[in-house]
Amino acid sequence: LPERQTHDYRRNGTTDLFAALSVAEGTVIGECHKRHRAKEFLTFLRTIDRNTPADLDLHLVLDNLATHKTPAVKRWLVRHPRFHFHFVPTGSSWLNQVERWFNDLTRKRIRRGTFHSERELIEALKTYLATYNDCPRPFRWTATPEEILRKIARVRLNVETAGTPH
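Residues numbered from 1 in each chain as written. Predicted model: local features only at pLDDT ≥ 70, side-chain atom pairs only at ≥ 80, totals over all residues. Heavy atoms only, no water.

Even after reading the chapter, I still don't get the overall build of the chain, so can you show me in this structure?
On a plain count of helices and strands, the chain comes out with five helices and four strands. Listed by position from the N terminus, the elements making up the chain come as β-β-α-β-α-β-α-α-α. Taken along the three principal axes of its C-alpha coordinates, the chain extends 60 × 45 × 35 Å. Expressed as a percentage of its 166 residues, the buried residues of the chain come to 29%. (Helix = DSSP H or I, 4+ residues; strand = E, 2+ residues; numbered from the N terminus. Buried < 20%, exposed > 50% of the residue type's maximum accessible area, 1.4 Å probe, protein only.)

Can you help me understand the pattern of salt bridges in this one?
Opposite charge on two side chains permits them to pair, given that their charged atoms come into close proximity. On inspection of all chains with the given rule, the structure shows six salt bridges. Note that R37 and E40 form a salt bridge whose closest N and O atoms lie 2.6 Å from each other. Of the charged contacts, one joins R100 and D104 as a salt bridge, the two residues approaching to 2.4 Å between their closest N and O atoms. With R100 and D104 both in helix α3 (residues 97-110) and four residues apart, this pair spans about one turn of that helix. Each of R100, D104 and R107 takes part in one network of salt bridges that share partners. (Salt bridge = Lys/Arg side-chain N within 4 Å of Asp/Glu carboxyl O.)

Any chance you could explain the side chain of T52 here in plain terms?
Within the secondary structure, T52 is located in the loop between α1 (38-50) and β3 (58-62). Within the structure, the side chain of T52 is placed 2.9 Å from the backbone oxygen of I48, a separation counted as a polar contact. Setting aside residues up to four positions removed in sequence, T52 forms contacts with I29, L58 and R82. (Polar contact = N/O pair within 3.5 Å; in protein donor to acceptor, adjacent residues only side chain to side chain. Contact = heavy atoms within 4.5 Å.)

This is how it looks when you write it as structure tokens:
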């Protein structure tokens, strides 16, 4: 049967989940915030700093959100040289493996969920995160570079020829 949602669906609050995936171990550090500003991002960076071994260099793959590039964040990075930011090109979020984890979270816990309050949503996210980290697994690329490049070429050709008459 097709899925259904009642006409009276109400969103009972939102949260902004910051997440950092260890690609080697599969574990995720995550925390919820009311907003997604530089202030909250810096709080999350401090959480990552406290929860990872001090002798590790940390390479964070990020999207090009302005929040990640503010003067306050740049000053913080100067004082924390073990942190290295790598920005994916616009429209290439699939290159960031934490996006794969967000996909699983959405599919397994958020979509079709009913949360009566923002607090209930946050608790559901924290529970999912804890359960996931009890038995983490790294994501593995299954496509070869050649397969990915062929797919990109096909999509590009389709986009370039989409408006041309046949």
